[in-house]
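Residues per chain are reported as follows:
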Number of protein chains: 2
Amino acid sequence: MAPTATQTATRRPRLPLNGVDTPTLFGTLDVVKAQPDLAKFQFRARNRWQNGTLSETAIGTFSGAGGEHAHKTAFTLTADHPAVLVGEDRAPLPIEYLLHALASCITGGIANIAAARGVTLTEVESRIEGDIDLLGIFGMSKGVRNGYQGIRVSFSIKGDAPPEKLQEIVEQSRARSAVFDVLTNGVPVSMSVNAG
Amino acid sequence: MAPTATQTATRRPRLPLNGVDTPTLFGTLDVVKAQPDLAKFQFRARNRWQNGTLSETAIGTFSGAGGEHAHKTAFTLTADHPAVLVGEDRAPLPIEYLLHALASCITGGIANIAAARGVTLTEVESRIEGDIDLLGIFGMSKGVRNGYQGIRVSFSIKGDAPPEKLQEIVEQSRARSAVFDVLTNGVPVSMSVNAG
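Enquirer: Account for the interface of chain B and chain A, with residues named and values stated.
Expert: Each side of the interface is counted separately: chain B has 127 residues, and chain A has 126 residues. Summing the contributions of chain B and of chain A, the shared interface buries around 11200 Å²; its carbon and sulfur component is 62%. Put simply, chain B and chain A have eight salt bridges between them. Here chain B and chain A share 64 residue pairs in polar contact (both at pLDDT 80 or more) between them. The dominant element in the side of chain B that touches chain A, judged by the number of residues it contributes, is helix H3 (residues 94-116) of chain B, at 17 residues. Residues belonging to the side of chain B that touches chain A are distributed by class as follows: 64 nonpolar, 40 polar and 23 charged.

Enquirer: Outline the relation of the copies chain B and chain A, listing residues and values.
Expert: Under the fitted operation, chain B is carried onto chain A by 0.0 Å of movement along the axis and a turn of 180°, and the coordinates agree to an RMSD of 0.0 Å. A rotation of that kind, with that shift, is consistent with a two-fold axis. Closest approach to the rotation axis within chain B is made by the C-alpha atom of glycine 186 of chain B, at a distance of 2.1 Å. Comparing interface residues between copies, 99% of those in chain B also sit at the interface in chain A, which points to an isologous, same-surface contact.

Enquirer: Before we move on, could you go through the pattern of salt bridges and cite the residues and values that matter?
Expert: Residue and element names in this part refer to chain A. Within the structure shown, the criterion is met by 22 salt bridges over all chains. Across the pair glutamate 88 and arginine 90 runs a salt bridge, and its minimum N-O distance is 3.7 Å. The exposure class assigned to glutamate 88 is partly exposed, which follows from its relative accessible area of 38%. On the basis of relative accessible area, arginine 90 is assigned to the partly exposed category, the value being 30%. Put simply, glutamate 129 and arginine 152 hold a salt bridge, and the shortest N to O gap is 3.0 Å. Linking glutamate 129 in strand S4 (residues 121-133) with arginine 152 in strand S5 (residues 150-159), this pair joins segments that are 23 residues apart in sequence.

What counts and what doesn't
- Residues numbered from 1 in each chain as written.
- Chains lettered and ligands numbered in written order.
- Predicted model: local features only at pLDDT ≥ 70, side-chain atom pairs only at ≥ 80, totals over all residues.
- Heavy atoms only, no water.
- Contact = heavy atoms within 4.5 Å.
- Buried area = accessible area lost by both parts, 1.4 Å probe.
- Salt bridge = Lys/Arg side-chain N within 4 Å of Asp/Glu carboxyl O.
- Polar contact = N/O pair within 3.5 Å; in protein donor to acceptor, adjacent residues only side chain to side chain.
- Helix = DSSP H or I, 4+ residues; strand = E, 2+ residues; numbered from the N terminus.
- Nonpolar A, V, L, I, M, F, W, Y, C, P; charged D, E, K, R; others polar.
- Least-squares fit on C-alpha atoms with pLDDT ≥ 70 in both.
- Buried < 20%, exposed > 50% of the residue type's maximum accessible area, 1.4 Å probe, protein only.

Set out below in structure tokens:
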């Protein structure tokens, strides 16, 4: 199946598709192939505690492609705990953001890959859920981890290609997802504290 | 240091502090101790592709504490790719949300733990950055992973306690953070696709 899909993509003109600027996408890949150092990126965030369990994160700049960049607008994100966990429920929980990150990462990849393969999408939806036993966080059971014990994602995808080809696109996006990699394989996190 | 901190907290009256409803927090922990099954939670999200790399996630309900819950308001989150990655930059990147999730999880925990220990906070700020080499995602180098290669967090905390005690609070929050656990240790993710 995969070779057929690739051949089809190569034969089709590289026109913008699914709202993806496919010619620029391929052009960017060609540039990076020639200068691999352009692929090194750094993303950043700055969080400030508000009150209770509410905090606010500012996301503004990042580096990559050989330089510094600013998002078109500065983004502000908030997080809080719900009432049942003694918060004021003014924003999603931090761990709910992980579900959003995973679903949106795979979905953005699906749009790019479908466009690259000449497939017009009509619908991409996903449901995602994570199970967590708070006995870990509460320190009440040493055998229970703090985080999710498992996450399940179910994708529904429609477009002008056979089901097998649509499934391949989802699978390819999962296989290249930055968030899927981090969540399933973990990442080293170092932390420093300036107190006083 | 830790035993002293605990003794101090036990002696102090359990009043709301830092905007945290400490009496209810301790009451909740007592209830869960008696009925550990109440600690089982499930969080959920539903994502829908919009166009290009933009998608939108709805976060509304979750289960836990023996029942179903709805957030006070339904939350909508978006994610997109920036212009340099051929997106329209209408929202943060999915992997930027991971940074927000981590910083806000540890910060919410800091507020709760400080309140439980009778410490009034005046400032909690954190800067967080993640390095990623997109050669992995682009499929241009087999030795390069898709996700972050490392994440660094630096916390700055101020309050009415000695620096050592403030540092202990940050460390305890890290040690009990659901997002820190997921990001550093990984979590099993299962995925299904309904195509056509």
